[in-house]
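Commentary on secondary and tertiary structure
Here is how the chains run, residue by residue.
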Amino acid sequence: MNAANNKNRPLQMINQTDVRPLTGYFTHDRIAVPNPLPEAPERPERLDVIERNMLALGMDALVRVHYAKPAPIESVILAHDLEYVRRLEAASAGDPAALATFDAPDTRVGPDTFDAAMKSAGAVVEAVDELYAGRIKNAFCGVRPPGHHAARAEARGFCSLNNVAIGAYWAMRRHGARRVAIVDFDAHHGDGTEEIVANHPDIRFMSLFQWPLYPHRMMEPTPKNVVVSPVAAGADGAVFTDILENVCRSSRPSGPTSSSSRRASTPTSRSRWHSSR
């Protein structure tokens, strides 16, 4: 499956005149762009697997597929410094000075990086808009590059823009969500999301991850609005479900609940929008 070529993709968009509330599947036309780092674990096949399984389970008939545009800059700078966003754009355009600031193996920038990152963020922003418009009842964002390691002014771990943090702030700023819960379940801790939302009085961030493992860091002391739940390798779904239900029950979000995942396979039934990290 060539995920970059929309007309060859097997997932078909449901007739947009059908106004039934459905699950929105938000993606974009740059998800098949190769990672600038050869043999990187973050690669297009991640999204191929998701879509193949959707087809195998017959879920393609239950989703409304949306191909996202780049996120509005006003949404992105809710979670990131404008200088950083412009530097990422310049690096993607080939500016040597800007490129030199993305020199770590897992933050390499290619000519398509900025466009792909902005469209990944755009998928989450559009998912939030569609939810609040009542055109869908929940959403899954199948996007790359991922986002939960990206900090306010720093790319990390193959993440350039923090998609889920952008979506959370957008729900509050644009749609008036009073409380938002972000649930991050992944092999890795969502350190970038933690830093961006730390101590925000109306955002509850919960991170479930294997420990010890990359990124080998958590904020100390733990921010008041953050729950970190490191678990041992091999923890089963019952462990995740128990932790998740206890935290979500106490946070009582009024806006869409976000969850972010790349490698973890445990589902959450409480997510209103879900980003593939």
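Reading guide: rules and limits
Residues numbered from 1 in each chain as written. Predicted model: local features only at pLDDT ≥ 70, side-chain atom pairs only at ≥ 80, totals over all residues. Heavy atoms only, no water. Helix = DSSP H or I, 4+ residues; strand = E, 2+ residues; numbered from the N terminus. Buried < 20%, exposed > 50% of the residue type's maximum accessible area, 1.4 Å probe, protein only. Contact = heavy atoms within 4.5 Å. Areas by Shrake-Rupley, 256 points an atom, 1.4 Å probe, with all protein chains shown as cover. Core = buried A, V, L, I, M, F, W, Y, C linked by side-chain atoms within 4.5 Å. Phe/Tyr/Trp six-rings, centres within 6.5 Å; stacked < 30°, edge-to-face > 60°. Axes fitted to C-alpha atoms, helices over the stretch in contact; angles between N-to-C directions. Parallel < 35°, antiparallel > 145°, perpendicular 65-115°, else oblique. Left-handed = near helix turned anticlockwise from the far one by under 90°. Nonpolar A, V, L, I, M, F, W, Y, C, P; charged D, E, K, R; others polar. Arc of directions from axis to C-beta. Polar contact = N/O pair within 3.5 Å; in protein donor to acceptor, adjacent residues only side chain to side chain. Pairing = 2+ DSSP bridges. Right-handed = clockwise from strand over helix to strand, strands pointing away. 1 Å grid on protein atoms, 1.4 Å probe; cavity = no way out; pocket = protein on both sides within 12 Å on 5 of 7 lines; lining within 4 Å. Points joined across faces, edges and corners; volume = space filled by probe spheres on them.

Looking only at helices and strands, the chain has eight helices and eight strands in total. Residue burial in the chain is summarised as follows: out of 277 residues, 52% are buried. The long-range fraction of contacts in the chain, counting pairs at least 24 apart against all pairs at least 6 apart in sequence, stands at 70%. Approximately 12200 Å² of the chain is accessible, and the part contributed by carbon and sulfur atoms is 53%.

Take the nonpolar core next. Residues V76, F102, L161, I166, Y169, I182 and V197 are the most contacted members of the largest nonpolar core, which totals 35 residues. Discounting chain neighbours no more than four positions away, the residues touching Y169 are L78, A79, R152, I196, V197, H200 and I203. L131, I136, A139 and C141 belong to the second-largest nonpolar core, a separate cluster that totals 10 residues.

Working definition: an aromatic ring pair is given by the centre-to-centre distance plus the angle between the planes. Under the defined criterion, the tally for this structure stands at three aromatic pairs. When the ring of Y84 is compared with that of F102, the centres are 6.1 Å apart and the planes differ by 45 degrees; the resulting orientation is tilted. With Y84 in helix α3 (residues 82–92) and F102 in the loop between α4 (96–99) and α5 (113–133), this residue pair connects regions lying 18 residues apart in the sequence. Relative accessible area serves as the criterion here: at 5%, F102 is assigned to the buried category.

Right, let's talk about the packing of α5 against helix α6 (residues 163–175) for a bit. Packing of α5 against α6 leaves a shortest axis separation of 9 Å and a crossing angle of 40 degrees. Compared by their axis directions, α5 and α6 come out oblique. Between α5 and α6 lies a crossing of right-handed hand. Note on element contacts: α6 touches α5 through N163, I166, G167, W170, A171, R174 and H175, opposite A117, S120, A121, V124, V125, V128, D129 and Y132. Classifying every residue of the contact of α5 with α6 by side-chain character gives nine nonpolar, four polar and two charged.

Those residues of α3 lying buried are Y84, V85, R87, L88, A91 and S92. One face of α3 carries all of its buried residues, which in axial projection span an arc of 160 degrees. Of the surrounding elements, those touching the buried residues of α3 are α2 (73–76), α4 and α5. Of the residues flanking the end of α3, it is G94, one or two places downstream, whose phi is positive at about 100 degrees.

Here the focus is the side chain of H189. Relative to the assigned elements, H189 resides in the loop between β4 (180–185) and α7 (191–197). A polar atom in the side chain of H189 sits 2.7 Å from the side chain of E194. Other than its neighbours up to four places away in sequence, H189 contacts H148, H149, E194, F205, S207, F209, Y214, P215, R217, M218 and V228.

Of all six residues in β4, six are buried, a share of seventy percent or more. Covered by surrounding structure in β4 are V180, I182 and D184 together with A181, V183 and F185, the residues of both alternating faces. Relative to strand β5 (residues 203–210), β4 runs parallel, the two being bridged by six bridges. In the sheet register, I182 faces β5, and the bridge partner there is F205. With respect to chirality, the unit in which β4 leads through α7 into the neighbouring parallel β5 is right-handed.

Further remarks concern the environment of G110. Topologically, G110 is positioned in the loop between α4 and α5. By relative accessible area, G110 is classed as buried at 11%. Sequence separation between G110 and A91 is 19 residues, and the spatial gap between their C-alpha atoms is 7.8 Å. Those residues within four positions of G110 in sequence are excluded, and the remaining contacts are P36 and S92.

Now for the layout of surface pockets. Counted as a void, the second largest pocket has a volume near 290 Å³. Taken together, 26 residues make up the lining of the second largest pocket; nearest its centre are N35, P36, R108, T113 and P145. Residues belonging to the lining of the second largest pocket are distributed by class as follows: 14 nonpolar, five polar and seven charged.

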